[in-house]
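Read off the chains here:
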Amino acid sequence: MNNGIGLQGRRVLVTGGAHGIGLAITEAFVAAGAAVHVCDIDTDWLTALKVKLPAVHQSVADVSDEKQVDALFAELASRWGTLDALVNNAGISGPTCAIEDTMLVDWHKTLAVNLTGHFLCTRRAVPMLKAAGGGSIVNMSSAAGRMGFPLRSAYSASKFGIAGLTATWAIELGPAGIRVNSILPGMVAGERQERMMAIKARSYGIAQEELRQRMLSKVSMRRMVSAQDIANQVLFICSDAGAAISGQSLSVCGNLEHLS
Ligand code: NAD
């Protein structure tokens, strides 16, 4: 898929870009010739990234911490001055439990990373995107941002919140040439998906394989998606080929009909 049109030399920040979907996005931008800066909270994943892609700049930063985000953008401003794309990818799963068992601390933590993190990074990125004459913001949501997700109240609330941010920022920032979209992945094959299915299968008292088949039976295409599928979509939206796309919530999920 040639979705790197016009990305050569573009300056891109990928949050949570050292592992999982974020890493696939980072690799795809690098392959398209973009200059990439990754921030992540996990120093082990960052060390592995440094070995794999030494040209990628990196910072240890928690997107939910205002001071750390400010320091991250101060570094970006001094190196690059301007920014062409922000990928708000960092996110956590939050608690898997019934609403009556959900702890306030877990609720706050999930919203802090998944929603406040998008706000803090976008707030600092906008002046740099404007200085570049426009650009692209991609917010990583989830199928849980368009339908209910039992036992995942905090996660689903945070991802529905992203729909509001995306719609609002697209209107606010469109006149400045900044496009804002969100991607809604479905079941993404990988370590995190397996971990979450194991927790949920235990909550339901069923085998993980049974839960997998139950979930896949609700995907029209009967398949999980890959991190590469998500990265392809992010690149397309940020490229010149996506220049007319803004304010959209784009599902990449094989048509997930229902979450269980
Ligand atoms: P992951 O756990 O594999 O990777 C997330 C990365 O973000 C890690 O490198 C982690 O260290 C980093 N991170 C976590 N908290 C951070 C913080 N506070 N500040 C900075 N970095 C932080 O997860 P993933 O599956 O790759 O998920 C990436 C995004 O995609 C998330 O927003 C997630 O909600 C979304 N998503 C994932 C799936 C899926 O099935 N995996 C489905 C839908 C949506």
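Our structure is the block above this text.
Residues numbered from 1 in each chain as written. Predicted model: local features only at pLDDT ≥ 70, side-chain atom pairs only at ≥ 80, totals over all residues. Heavy atoms only, no water.

A look at the sheet that holds strand E6 (residues 178–185)
Operational definition: Strands qualify as paired when DSSP identifies two bridges or more between them. Each helix is a run of H or I in the DSSP string that is no shorter than four residues. Each strand is a run of E no shorter than two, and both are numbered from the N terminus. Axis lines are fitted through C-alpha atoms, for helices just across the contact stretch, and the angle between N-to-C directions can take any value from 0 to 180 degrees. Contacts are assigned to residue pairs with any non-hydrogen atoms lying within 4.5 Å of each other.
Taking strand neighbours across the sheet as the criterion, the seven strands line up as E3-E2-E1-E4-E5-E6-E7 in an open arrangement whose pairing is parallel. Lying at the two open borders of the sheet, with one neighbouring strand each, are strand E3 (57–60) and strand E7 (249–252). Taking each pair of neighbouring strands and ignoring which way they run, the sheet shows an average axis angle of 20°. For strand E5 (residues 135–140) and E6, the ladder comprises six bridges, and the chain directions are parallel. Bridged to Ile137 within E6 is Val180. Along the sheet face, helix H4 (residues 104–131) touches strand E1 (11–15), strand E4 (85–88), E5 and E6 and points at about 175° away from the line of E4. The sheet contacts of helix H8 (residues 227–238) involve E4, E5, E6 and E7, and relative to E6 the element is tilted by about 165°.

A short note on the site of the ligand
Selection criterion: Any residue with a non-hydrogen atom lying within 4 Å of a molecule or strand is treated as near it. Contacts described as polar in this section are N or O atom pairs within 3.5 Å, which, within protein, must combine one atom able to donate a hydrogen with one able to accept it, while residues neighboring in sequence count only if both atoms come from side chains. Here the Shrake-Rupley method, with its probe set to 1.4 Å, supplies the accessible areas, and only the displayed protein chains count as covering residues.
In the vicinity of the ligand, 25 residues are found, and the nearest of them are Ile21, Asp40, Asp62, Asn89 and Tyr155. A distance of 3.0 Å separates a nitrogen atom of the ligand from a polar atom in the backbone of Val63. The separation between an oxygen atom of the ligand and a polar side-chain atom of Gln193 is 2.9 Å. Out of a free accessible area of 830 Å², the ligand has 92% covered by protein chains.

Here's the deal with the environment of Cys253
To keep it simple, the criterion reads: Exposure categories follow from relative accessible area, calculated using a 1.4 Å probe and restricted to protein chains: below 20% of the type maximum is buried, above 50% is exposed, and the middle band is partly exposed.
As for its placement among the helices and strands, Cys253 is situated in the segment after E7. Taking the relative accessible area as the measure of exposure, Cys253 reaches 6% and is therefore buried. Sequence separation of Cys253 and Ser142 is 111 residues, and the distance between their C-alpha atoms is 9.1 Å.

Notes on the packing of H4 against helix H5 (residues 153–173)
Under the convention used in this document: If an angle is under 35 degrees, it is roughly parallel; if it is over 145, roughly antiparallel; if it lies from 65 to 115, roughly perpendicular; otherwise it is oblique. Crossings are sorted by hand: turned counterclockwise from the far helix by less than a right angle, the near helix makes the crossing left-handed, and turned clockwise it makes it right-handed.
For the pair H4 and H5, the least separation of the axes is 8 Å and the interaxial angle reads 20°. Looking at the two axes, H4 sits roughly parallel to H5. Viewed along their axes, H4 and H5 form a crossing whose handedness is right-handed. Here H4 contributes Trp107, Thr110, Leu111, Asn114, Leu115, His118, Phe119, Thr122, Val126 and Lys130 to the contact with H5, which in turn contributes Ser153, Ala154, Tyr155, Ala157, Ser158, Lys159, Gly161, Ile162, Leu165, Trp169 and Leu173.

Structural notes on the pattern of salt bridges
Applied cut-off: Salt bridge, as used here: a side-chain nitrogen of Lys or Arg that lies within 4 Å of a carboxyl oxygen of Asp or Glu.
Tallied over the full model, the rule gives nine salt bridges. We note a salt bridge from Glu66 to Arg123, for which the minimum N-O separation is 2.9 Å. Separated by 57 residues along the polypeptide, Glu66 in helix H3 (residues 66–79) and Arg123 in helix H4 bring together distant segments of the chain. The class of Glu66 is partly exposed, set by a relative accessible area of 43%.

A look at the side chain of Asp40
We apply this condition: For the charge count, each Lys or Arg is scored as positive and each Asp or Glu as negative, with His and the chain ends excluded.
When you line up the elements, Asp40 lands in strand E2 (residues 35–40). One buried charged residue, Asp40, remains without a salt bridge, the closest side chain of opposite sign being Arg192 at 10 Å. Setting aside chain neighbours within four positions, we find Asp40 in contact with Gly16, Gly17, Ala18, His19, Leu46, Ser59, Val60 and Ala61.

Here we look at unusual backbone geometry
Despite not being glycine, Leu151 shows a phi value in the positive range, around 70°. Positive phi is not limited to glycine here, since Asn255 has a value of about 60°.

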